[in-house]
Amino acid sequence: MELPSEYKSEIRRILKDDADRYFELFDSAPFRGISVNRLKITPEKLLPLLPFEATLSPFYADGFYIPSDAEGIGRHALHHAGAFYVQEPSASCAAGLLGIEEGDRVLDLCAAPGGKSSQIASLLGGTGLIWSNEVVKNRAGVLLSNFERMGIYSGVVSSARPDVLCSALEGWFDRVLVDAPCSGEGMFRKDNSAVNEWSREHVCSCAVRQLEILKSAVLALREGGVLVYSTCTFSEEENEMTVSRLLEECPELEPYDISEPFGRRTSLANAARITPLEGGEGHFAARFKKRGNSPRREFTSPARRGKQSDCESLGEEMLKDIFVDLPSGRRMCIGDKFYIVPEGLPELSGLGVIRAGVLAGEMHGRRMEPAHSLFTCAKPSSLKRTIELSSSSPECAAFLHGEEIDCSGEPGYTGVVIDGMTTGFGKCSGGRLKNKYPKGLRNC
């Protein structure tokens, strides 16, 4: 692979005596990894089920290396079930630096495709709220799909400009992550197109954009809250220099030193850099705290309407038929779609919200049919009817292919549970399960 001469000079300046060893690694396979989703399963339960060996990475407590030649991961039943997110190992470091606590509100400002958001949701453990934003609309659709697969219940997906979103939600979040668009130098070993797109001009334009996004992010953060900035590039201009400019322009921020044992230290105590020499393709992360200790800002929730609509009434009847214990959250209908929305949300109009909470069902004439996402967010124990499958069974393969399977339980909407994780649903009738797994997700 022919690397740009300016890039090679920059790497020699940053890595010094280690630069030659770094360049030699371009002849070896890139690192691959997964992050375990505790909303669905623990690492202890997942690892024995995997069809490949997974070893703990140093970057995240629930992050693991997987073999570089592992194939068909996206088609595996455990991936369908949301047990893990396939993620470059060093990219998992940023979410852990947020120091998430139970009940936190967390903003992932540049979130697509959703790896770091899935980590945040896993760390929240079903408490608090994750708000994931992606300004590029079609990428936000991928983000939403991953939200559903990972079973994220208390969350919001939006596609808004960072300045608009953060101004409207000023002081509302306890933690904010900015995994900013960058020149992608950490992708060079696995993506030739990233090399071809690299230029000094691109690096400079990225640094300008990154600073503006970060300044917006500071607005959304409450006093005493934590901000983490990350990139997948090595550029000092996009990394250390952007951090220094941010501290100059936002005196309300202070450095929050990084003591976590990964990567190599930089000239800044609150930042770390990871290169392939440290076991990851490339990442930079810096941490800040907002001065002060005022509580997060609260908004008055939009008023509820007095009388339930037919859509809401039928939706509630559907929930009573499916669940042992009804899901928490506010019921809301938009058109013919029935949603369960987290309590305490601000007014959402004008914020580019694609989905708040969970799409629970949709009207078909005078009938409410449940949505796939209602089941992917459900614990098996909360459902009245389930069918248990092993991820290695022919029945599981048939279900993920869209086929009908045997169902000996009572008639009705039934959750399909794969190795303890609700993955989808069907309708049991006459000893057969009519498959409701979405066509776009099925294994061909």
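> Just checking my understanding: could you explain the sheet that holds strand 21 (residues 412–418) for this structure?
Hydrogen bonds between backbone atoms are what pair the strands of a sheet, whose relative direction is either parallel or antiparallel. Taken together, 5 strands build an open sheet; the order of strands is 19-21-22-23-20 and the sheet is mixed. Where the open sheet ends on each side, the last strands, each with one partner, are strand 19 (386–389) and strand 20 (405–406). The pairing of strand 20 with strand 23 (residues 432–435) spans 2 bridges and is antiparallel. Paired with Asp-406 across the strands is Arg-432, a residue of strand 23.

> I keep staring at the packing of aromatic side chains and nothing clicks. Help me out?
Here the distance between the centres and the angle between the planes together describe a pair of aromatic rings. Evaluated as defined, the whole model comprises 15 aromatic pairs. Ring geometry for Trp-131 against Phe-173: centres 6.2 Å apart, planes inclined by 90°, an arrangement best described as edge-to-face. You can see Trp-131 sitting in strand 6 (residues 129–133) and its partner Phe-173 sitting in strand 8 (residues 173–179), a full 42 residues away along the chain. Clustering of aromatic rings is evident, with ring pairs tying together Tyr-22, Phe-23, Phe-26 and Phe-234. Lys-8 extends its terminal NZ or CZ atom over the ring of Phe-23, reaching a point 5.8 Å from the ring centre. Here the basic side chain of Arg-287 rests over the ring of Tyr-256, its NZ or CZ set 4.2 Å away from the ring centre.

> How should the state of the cysteines be read in this particular structure?
Disulfides are covalent bonds that link the sulfur atoms of two cysteine residues. Summed over the entire model, instances satisfying the criterion amount to 2 disulfides. For Cys-311, the disulfide goes to Cys-333, at an S-S distance of 2.2 Å. The sign of the -85° torsion about the S-S bond sets the Cys-311-Cys-333 disulfide as left-handed. Of this pair, Cys-311 sits in helix 12 (residues 310–322) while Cys-333 sits in strand 14 (residues 330–334), placing them 22 residues apart in sequence. In terms of burial, Cys-311 and Cys-333 fall into one category: buried. Two residues, Cys-407 and Cys-428, share a disulfide whose sulfurs are 2.4 Å apart. A torsion of -120° about the S-S bond marks the disulfide between Cys-407 and Cys-428 as left-handed. Separated by 21 residues along the polypeptide, Cys-407 in the loop between strand 20 and strand 21 and Cys-428 in strand 22 (residues 421–429) bring together distant segments of the chain. There is no split in this pair, since Cys-407 and Cys-428 are both buried.

Thresholds applied
Residues numbered from 1 in each chain as written. Predicted model: local features only at pLDDT ≥ 70, side-chain atom pairs only at ≥ 80, totals over all residues. Heavy atoms only, no water. Pairing = 2+ DSSP bridges. Helix = DSSP H or I, 4+ residues; strand = E, 2+ residues; numbered from the N terminus. Phe/Tyr/Trp six-rings, centres within 6.5 Å; stacked < 30°, edge-to-face > 60°. Lys NZ or Arg CZ within 6 Å of the ring centre and 35° of its normal. Disulfide = S-S within 2.5 Å. Buried < 20%, exposed > 50% of the residue type's maximum accessible area, 1.4 Å probe, protein only.

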